Amino acid sequence: MCGYSYSKRAWLFQAEGESGVHRHNVEGEPPTQLLSILRMASGASLWRGLDYVEQGRVKNLRPVGEGAFDAEVEGSANLPYTVHVDTAHVRQSYCDCPHAAGTRRICKHMVATVFAAYPQQIDAFKWEVEQAELEYRREEAAHRAELIRYVSSLKKDELRKALLDALIELEERRDRWW
């Protein structure tokens with residue numbers, strides 16, 4: 001799985017079968033492998049970059065070599081930022097936005113440029129998010145099943161003690177944080 005967190009999953013929770021909702025086939029292989037430059041971006045940069053490309057903020061996208069692209073990307077203040085993305089030599093990528101200028105960070109403008117240059121990467125990204133969500137749901141279901149087995153195995157006195165301990169712990173946590 002990916003090394004980044006997914007902080008925005010609203011598109012996963014749309015009603016299945018709703019017209020216009022594109023659901024990916026989550027079984028089998030991903031549509032394509034996610035590029036390493038995208039794996040280096042934060043979850044926030046990935047989601048904002050996706051928003052930017054879907055909003056059409058990537059302008060003047062032009063290839064400048066094998067796996068390298070220049071573009072102008074409208075920022076949050078509608079100011080265009082100059083972006084150079086090199087998927088083969090990630091460290092040569094840059095953006096003149098305040099977040100990435102002079103650093104090695106992968107910003108939302110670079111992510112938007114990659115998604116605009118390689119639209120299949122959007123499907124790869126969403127596929128990985130769905131896989132992570134499915135894995136989380138599987139682990140959560142297994143954990144709950146284990147809790148049910150544990151609670152069912154307790155005798156009445158043990159159950160009362162465990163409940164009292166849990167309530168006391170909740171009170172102590174509330175007192176520490178409020």
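See the structure printed just above.
This report concerns the structure included in the present document. Remember, predicted model here, so these are calculated numbers, not experimental data.

## Structural notes on the pattern of salt bridges
Stage number 1. On inspection of all chains with the given rule, the structure shows ten salt bridges.
Stage number 2. The salt bridge involving aspartate 51 is made with arginine 48; its shortest N-O contact spans 3.1 Å. With a gap of three residues between them, aspartate 51 and arginine 48 both fall in helix H2 (residues 43-54), about one helical turn apart.
Stage number 3. You can call aspartate 51 buried: its relative accessible area is 14%.
Stage number 4. Residues lysine 126 and glutamate 54 are paired through a salt bridge, measuring 3.7 Å at the closest nitrogen-oxygen approach. With a gap of 72 residues between them, lysine 126 in helix H4 (residues 120-153) and glutamate 54 in helix H2 connect regions that are remote in the sequence.

## Digging into the pairing of strand S2 (residues 68-74)
Stage number 1. Taking burial as the measure, the seven residues of S2 include five buried ones, the bulk of the element.
Stage number 2. Connecting strand S1 (residues 58-65) to the antiparallel partner S2 that follows it, the hairpin turn spans two residues, and glycine 67 within it adopts a positive phi of roughly 75°.
Stage number 3. Pairing between S2 and strand S3 (residues 80-86): seven bridges, direction antiparallel. Following the sheet pairing, glutamate 74 is matched in S3 by proline 80.
Stage number 4. The loop that links S2 with its antiparallel partner S3 comprises five residues; one of these, asparagine 78, has a positive phi angle of about 60°.

Rules and cut-offs
Residues numbered from 1 in each chain as written. Predicted model: local features only at pLDDT ≥ 70, side-chain atom pairs only at ≥ 80, totals over all residues. Heavy atoms only, no water. Salt bridge = Lys/Arg side-chain N within 4 Å of Asp/Glu carboxyl O. Helix = DSSP H or I, 4+ residues; strand = E, 2+ residues; numbered from the N terminus. Buried < 20%, exposed > 50% of the residue type's maximum accessible area, 1.4 Å probe, protein only. Pairing = 2+ DSSP bridges.

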